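Chain by chain, the residues:
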Amino acid sequence: VGTTAWHGLIDLGRLGAGDTVLVHGAAGGLGLAAIEVARHVGARVIATAGTRAKRDQLRRMGIEHVFDSRSLDWVRASLDATGGAGVDVVLNSLTGAALDAGLEVLAEDGRFIEVGKRDIYSGRRLGLTPFRKAITVASVDIAGLMARRPERFASLLQRVWSAAADGLFAGLPVTTYPFGRAGEALRDMARGEHVGKLVLTEPGTVSRLAVHALPGGRFRPDGCYVISGGLGALGLSFAERAVSLGARNLLLLGRSAPSAGAQERIGRLRDQGATVRTAQVDVADEAGVAEALTAVRSGGVPIRGVVHAAGVLADATIATLAADQLEAVLAPKVRGALALDRATAADPLDLFVVFSSIAGLVGNPGQAGYAAANTFLDGLVRRRRAAGRVGLSVQWGPFEDVGLASQDDVRGSRLADRGLGGFGVEEAWDALLGFLAEDAVVTSYAPLDLKAWFDAYPETAGLPSWSWLREDQGAATGSGADVEFTALARAGDRERLDAAIEQTVRGLAAKVLRLEPSSIDPQVPFKALGLDSLMGLELRTRLERVLGIRLSPTLLWTYGTSGALAEPLADLLLDSVGAEQVSSR
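What counts, and at which threshold
- Residues numbered from 1 in each chain as written.
- Predicted model: local features only at pLDDT ≥ 70, side-chain atom pairs only at ≥ 80, totals over all residues.
- Heavy atoms only, no water.
- Helix = DSSP H or I, 4+ residues; strand = E, 2+ residues; numbered from the N terminus.
- Buried < 20%, exposed > 50% of the residue type's maximum accessible area, 1.4 Å probe, protein only.
- Contact = heavy atoms within 4.5 Å.
- Core = buried A, V, L, I, M, F, W, Y, C linked by side-chain atoms within 4.5 Å.
- Expected span 1.5 Å × (residues − 1).
- Arc of directions from axis to C-beta.
- Salt bridge = Lys/Arg side-chain N within 4 Å of Asp/Glu carboxyl O.
- Phe/Tyr/Trp six-rings, centres within 6.5 Å; stacked < 30°, edge-to-face > 60°.
- Lys NZ or Arg CZ within 6 Å of the ring centre and 35° of its normal.
- Pairing = 2+ DSSP bridges.
- Axes fitted to C-alpha atoms, helices over the stretch in contact; angles between N-to-C directions.
- Right-handed = clockwise from strand over helix to strand, strands pointing away.
- pLDDT = per-residue confidence, 0-100.

**Let's talk about the overall build of the chain**
Then, in step 1: Helix and strand counts for the chain stand at 25 helices and 15 strands.
Then, in step 2: Per-residue burial over the chain gives 48% buried out of 585 residues.
Then, in step 3: Counting contacts in the chain only where the partners sit at least 6 residues apart, residues at least 24 apart contribute 69% of the total.

Set out below in structure tokens:
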């Protein structure tokens, strides 16, 4: 960080005595190093930081002007602090609209030094108007400097090393974590609440290295993937996706022999070059499971993954719940998971996925046993991860086309009426691959209509655990925006409709990403802003609620930005309003 700060401020920024520098993200390691370099040359520092605690820390360090980096209020505040003249140097790590704002706050002959990479890699464009002030824009690329100009880097390193030896960076705060707590350190870093640098120590605390669930985005062709419930529609659907992504060895476990339909689907998998073994075994039978897996290993194929999709539903209220009903529900989930967990303890697994249920998270009348069984799966995965083993538990909502909920139209309709919608298997597998790539532990996937849910379960709305969702639901649905959109669509006012929808998309995306709406640039891709598959589902659900229309699961990713998304959303809304007008005639 010292080398980056020195190169950015001194070599590229030409910072000198009497200059004013605006340091964004000043409470981080780079920001604190930049403050030391600026003070070293006699420059005045204006700083921004993302939390009140960080801003208070910077003020205690003697920095008079400290502003919030998560809004654009720092623009006017920085100009006021410089008497309207602007700052001489901006050391920038912010993205989106803050990039243009940073150019605006520069003084004449100012230098804008970019240390971030997101906008560069996404091809962010800059207007030329600020260049009327004869400003300079440069980016810091220490790795590139090492490769392209090694002698220049060596000179830079020597200067910074000498300054460090003289005590220039001696006061930079450091928080240490043992290597065994690297995951915790990364989560703390992602929250952005730390001051200074996070440093990993004590490498001896690591007993097992993390693995990639899907190396190169593919299943291993030389490993075997075990799927419990593998002869049912849900398990076979996942098997088909696995084969499409490179899997060539599958073991499908099921209590019954394959049906004619299952045999046909397995035949198609074999036609694609996959070796598909089946074993008629109850997954709750630990000895039977161990025997089936031993047969695979004896053929020289290592077991690389487990997907536990087996399950049974037997709804009953607490008053009528019988012991045999409870056992029928618990056995495949609980005993089956334990059997697979123990039978694969010595296998080099890339993944161990259990299919949990949203019932364990939000509850569902008549499914106390089912909720308990799935909550056990969540706990088992957490125990595995604490022991350094792979594991992912997905609390699925209702599958629309296969699975337990789809087998009972009444159950599926009841859940939908109460606000818990469904989704198809292809959408689910896309989400699952995303969870594996993100190395999630326990996560949920379900479209939840909060208003309908709270209407169906008003007591839920009063629980503290639901408070943030209740408040969020009120903010999202209480503005009457849907009425405005419908009115604009019926009036055919396309320009205002597009603008209103684009503003709403940015506002809802900001809520999902926990950002200020002003920081959502219409041209920056959602993925570059940090929107993952689960957040994408939440954003899609919010948009459907506000606009009153059903959206394709791929719409967000097809158009990619809030600016590009406005037009197709307006088209869909106009089509919907047009259909209503035709049907009312």
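**Some remarks on the nonpolar core**
Then, in step 1: W396, W429 and L432 are the most contacted members of the largest nonpolar core, which totals 42 residues.
Then, in step 2: Those elements that place two or more of their residues in this core are β9 (224-228), α10 (233-244), β10 (249-254), α11 (260-271), β13 (351-357), β14 (392-396) and α17 (425-438).
Then, in step 3: For W429, the contacting residues outside a window of four places in its chain are L234, S237, F238, R241, F355, W396 and F399.
Then, in step 4: Counting residues in hydrophobic clusters, the runner-up holds 35 residues, among them L9, L32, A47 and I63.

**Examining unusual backbone geometry**
Then, in step 1: Even without a glycine there, the phi angle at D109 is positive, about 65°.
Then, in step 2: If you check the backbone angles, A134 has positive phi at about 60° while not being a glycine.
Then, in step 3: Residue position: A134 is located in the loop between α6 (118-121) and β6 (136-139).
Then, in step 4: Under the relative-accessibility criterion, A134 is labelled partly exposed at 44%.

**Overview of helix α12 (residues 286-298)**
Then, in step 1: Its 13 residues place the ends of α12 18 Å apart at the C-alpha level, agreeing with the 18 Å of an ideal helix rising 1.5 Å per residue.
Then, in step 2: For α12, every residue scored as buried is listed here: G288, V289, A292, L293 and V296. For α12, the buried positions fall inside an angular range of 130° around the axis, keeping them on one side. Seen from the buried face of α12, the exposed residues on the opposite side, beyond 90 degrees, are A287, E291 and S298.
Then, in step 3: The secondary structure elements touched by the buried residues of α12 are β9, β10, β11 (275-280), β12 (303-308) and α13 (323-343).
Then, in step 4: At the C-terminal side of α12, G300 shows a positive phi close to 85°.

**Regarding the environment of E544**
Then, in step 1: With respect to the secondary-structure elements, E544 resides in helix α23 (residues 533-547).
Then, in step 2: The class for E544 is buried, based on a relative accessible area of 14%.
Then, in step 3: Along the primary structure E544 and L569 are separated by 25 residues, whereas in three dimensions their C-alpha atoms are 10.0 Å apart.
Then, in step 4: When residues no more than four places from it in sequence are discounted, the contact partners of E544 are I549, R550 and L551.

**Quick notes on the pattern of salt bridges**
Then, in step 1: Tallied over the entire structure, the rule returns 28 salt bridges.
Then, in step 2: With a shortest N-O distance of 2.9 Å, E240 and R265 are connected by a salt bridge. Of this pair, E240 sits in helix α10 while R265 sits in helix α11; the two residues are 25 residues apart in sequence, bridging distant segments of the chain.
Then, in step 3: Using a relative accessible area of 26% as the deciding quantity, one classes E240 as partly exposed.
Then, in step 4: The salt bridge involving D430 is made with R241; its shortest N-O contact spans 3.0 Å. With D430 in helix α17 and R241 in helix α10, the pair connects residues that are 189 residues apart, well separated along the chain.
Then, in step 5: The class for R241 is buried, based on a relative accessible area of 14%.
Then, in step 6: Taken together, the salt bridges that share partners define one network made up of D341, R383, R384 and R389.

**Quick look at the packing of aromatic side chains**
Then, in step 1: Across all of its chains, the model carries 13 aromatic pairs by this definition.
Then, in step 2: Residues F238 and W429 carry aromatic rings whose centres are separated by 5.3 Å and whose planes lie at 75° to one another, so their mutual orientation is edge-to-face. Of this pair, F238 sits in helix α10 while W429 is found in helix α17, placing the two residues 191 residues apart along the sequence.
Then, in step 3: With relative accessibility at 6%, the residue F238 sits in the buried group.
Then, in step 4: Judged by centre distance (6.3 Å) and plane angle (85°), the ring pair of W396 and W429 falls under edge-to-face. Of the two residues, W396 sits in strand β14 while W429 sits in helix α17, which places them 33 residues apart along the sequence. Here W396 and W429 have matching classes, each one buried.
Then, in step 5: Directly above the ring of F352 sits R384, whose terminal nitrogen or CZ lies 3.8 Å from the centroid.

**With respect to the sheet that holds β12**
Then, in step 1: The strand order across the open sheet formed by seven strands is β11-β10-β9-β12-β13-β14-β15, and the pairing between neighbours is parallel. Taken across any chain shown, the strands that pair with only one partner, and hence form the sheet edges, are β11 and β15 (442-445). Across the sheet, the mean angle separating the axes of adjacent strands is 15° when strand polarity is ignored.
Then, in step 2: Across five bridges, the pairing between β13 and β14 is parallel. By the bridge assignment for β14, V353 is matched with L392.
Then, in step 3: In the packing of α11 onto the sheet, contacts are made with β10 and β11, and the angle to β11 comes to roughly 150°.

**Thoughts on the sheet that holds strand β3 (residues 65-68)**
Then, in step 1: An order of β3-β2-β1-β4-β5-β6 is seen for the six strands of this open sheet, with the pairing classed as parallel. Unpaired on one side and paired on the other, β3 and β6 mark the two borders of the sheet. Each strand axis lies, on average, 15° off the axis of its neighbour in the sheet, ignoring direction.
Then, in step 2: Where strand β1 (residues 20-23) and strand β4 (residues 87-92) come together, three bridges link them in parallel fashion. Following the sheet pairing, V21 is matched in β4 by V89.
Then, in step 3: Along the sheet, helix α2 (residues 29-40) makes contact with β1, β2 (44-49) and β4, crossing β1 at roughly 170°.
Then, in step 4: Relative to the sheet, helix α5 (residues 97-104) contacts β4, β5 (106-114) and β6, its axis offset from that of β5 by approximately 145°.

**Section: the pairing of β11**
Then, in step 1: Relative to β11, β10 runs parallel, the two sharing six bridges. Among the inter-strand pairings, L252 is bridged to a residue of β11, identified as T278.
Then, in step 2: Note on the crossover from β10 through α11 to β11: the handedness is right-handed.

**Some points on the confidence of the model for the chain**
Then, in step 1: Taken residue by residue, the chain gives an average pLDDT of 85. The fraction at 70 or more is 89%.
Then, in step 2: Contacts for the low-pLDDT stretch residues 475-481, under 50 throughout, to residues beyond four places or in other chains number six contacts.

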